[in-house]
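Here are the chains, one letter per residue:
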Amino acid sequence: MNNDKYMQKNKISTPKGSLAIVTHYPEMESSKLAILCPGFLDSKDYLGLVGLAENLCEQGFAVVRFDPTGTWESGGTILDYTMTQYLEDIKNVLEYMLSRNKYENILIGGHSRGGQIAILYGARDPRISAVLGIMPSHRKIIGEERERWEKSGERFSERDLPANENEFVEFFTPFSYVLDYDKYDTLNDVARITVPIVLIAGDLDDVIEPRDVEEIFKNANSPKNFLIIPGIDHDYRHNRENVEFVNREILKQLKALGIV
């Protein structure tokens, strides 16, 4: 497949500004759609999501990856970057895609915080047909991390550029993010999902440990699959071979539940 030929960049107008999206279209028109969500302050253009989008596209999905409001190429400011707005962003992406085609099978997925937000959204929208959480978190922001964040009023983070790991973008996320985050309970929400769900962990992940992902899995309803991938850490996206390995394993789990 000529990926460039079947990939389109667009901006969706929203009350908070424009959402930057990239859509991968399969060669034949399809009724299957996947929406992929990046992790905390991550870019839609990181290799992990790009590779997964291409793999799902080869399986006949139209696939959208996007930058949440307040980050990267999307509009808004960092003040707009909240879990509540992220959920609204997904809805805006979905509505935009449904206005262009009648998608009947809709997969929502993501990595890290994006995997968590996919679970939250999957519990709220009955149009979702399947959920994929890659190293999703469920833990509250508490303890010293919360205290430091509240005391300073913001949290400093930096992310490498998708095309250059040696250059970085800085983010100063306000404490209001934490207060909004407090509204959501992933363990409760995953128990509300009745469609197939696949959860993925990396056995070397020290950011979201496999036991945390397994706890989400235990609260989930069947049909469900859980896989701990050997030799993989949280930032596997930095290694192309690891990305390809992880995405192959993800596709196996999705196929086992009849999602692809």
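The rules we used
- Residues numbered from 1 in each chain as written.
- Predicted model: local features only at pLDDT ≥ 70, side-chain atom pairs only at ≥ 80, totals over all residues.
- Heavy atoms only, no water.
- Salt bridge = Lys/Arg side-chain N within 4 Å of Asp/Glu carboxyl O.
- pLDDT = per-residue confidence, 0-100.
- Helix = DSSP H or I, 4+ residues; strand = E, 2+ residues; numbered from the N terminus.
- Core = buried A, V, L, I, M, F, W, Y, C linked by side-chain atoms within 4.5 Å.
- Buried < 20%, exposed > 50% of the residue type's maximum accessible area, 1.4 Å probe, protein only.
- Contact = heavy atoms within 4.5 Å.
- Phe/Tyr/Trp six-rings, centres within 6.5 Å; stacked < 30°, edge-to-face > 60°.
- Polar contact = N/O pair within 3.5 Å; in protein donor to acceptor, adjacent residues only side chain to side chain.
- Pairing = 2+ DSSP bridges.
- Right-handed = clockwise from strand over helix to strand, strands pointing away.
- Disulfide = S-S within 2.5 Å.
- 1 Å grid on protein atoms, 1.4 Å probe; cavity = no way out; pocket = protein on both sides within 12 Å on 5 of 7 lines; lining within 4 Å.
- Points joined across faces, edges and corners; volume = space filled by probe spheres on them.
- Nonpolar A, V, L, I, M, F, W, Y, C, P; charged D, E, K, R; others polar.

Details of the pattern of salt bridges
Applying the stated criterion across every chain, the model contains 18 salt bridges. Between R211 and E209 there is a salt bridge whose closest N-O contact spans 2.9 Å. Salt bridges linked by common partners bring K44, D45, R65, D67 and E73 together as one network.

Topic: the confidence of the model for the protein
Put simply, the protein has an average pLDDT of 97, and 98% of its residues get 70 or more. In the model of the protein, strand 1 (residues 7-14) stands out as the element of lowest mean pLDDT, 96, in contrast to strand 6 (residues 130-134), which has the highest, 99.

Section: the nonpolar core
The biggest cluster of nonpolar side chains holds 53 residues, and the ones touching the most others in it are L33, V93 and V131. Here this core gets eight residues from one element, more than from any other, and that element is helix 2 (residues 83-98). If we skip the residues at most four places from it in the chain, V131 touches L107, I108, A118, I119, G122, I193, V195, P196, I197 and V198. Residues C57, F61, I200 and Y236 belong to the second largest nonpolar core, which totals 26 residues.

Examining the packing of aromatic side chains
Both the distance between ring centres and the angle between the ring planes are used here to describe each pair of aromatic rings. Tallied over the entire structure, the rule returns 11 aromatic pairs. Residues Y81 and Y86 carry aromatic rings whose centres are separated by 6.5 Å and whose planes lie at 40° to one another, so their mutual orientation is tilted. With relative accessibility at 3%, the residue Y81 sits in the buried group. Y86 gets classed as buried once you look at its relative accessible area, which sits at 2%. Ring-pair connections join several aromatic residues into one group, and the members of that group are F40, F66, Y81, Y86, W149, Y177 and Y181.

So, the side chain of R237
Along the chain, R237 turns up in the loop between strand 10 (224-229) and helix 8 (240-256). Exposure remark for R237: the relative accessible area of 14% places this residue in the buried category. A polar side-chain atom of R237 sits 2.8 Å from a polar atom in the side chain of D160. For R237, the contacting residues outside a window of four places in its chain are Y46, L47, G48, D160 and V243.

Comments concerning the pairing of strand 5 (residues 105-111)
Burial analysis of strand 5 places six of its seven residues in the buried class, the great majority of the element. Note: strand 3 (residues 32-37) against strand 5, six bridges, orientation parallel. Bridge pairing in strand 5 links K32 to N105. Of the crossover connections in this fold, the one passing from strand 5 over helix 3 (residues 113-122) to the parallel strand 6 is right-handed.

Observations concerning the state of the cysteines
Tallied over the full model, the rule gives zero disulfides. Looking at the unpaired C37, the closest cysteine sulfur is the one in C57, lying at 17 Å.

Considerations on the layout of surface pockets
By volume, the largest pocket amounts to about 680 Å³. Elements that contribute at least two residues to the lining of the largest pocket include exactly helix 4 (143-152), strand 7 (154-161), helix 5 (176-181) and helix 7 (210-219). With three residues, helix 4 is the single largest residue contributor to the lining of the largest pocket. Taken together, the residues that form the lining of the largest pocket break down as eight nonpolar, six polar and 14 charged. Quantified by volume, the second largest pocket comes out at close to 160 Å³. Q8, Y25, P26, M28, E29, S30, A62, M97, R100, N101 and Y103 together form the lining of the second largest pocket. For the lining of the second largest pocket, the class distribution of residues is six nonpolar, three polar and two charged.

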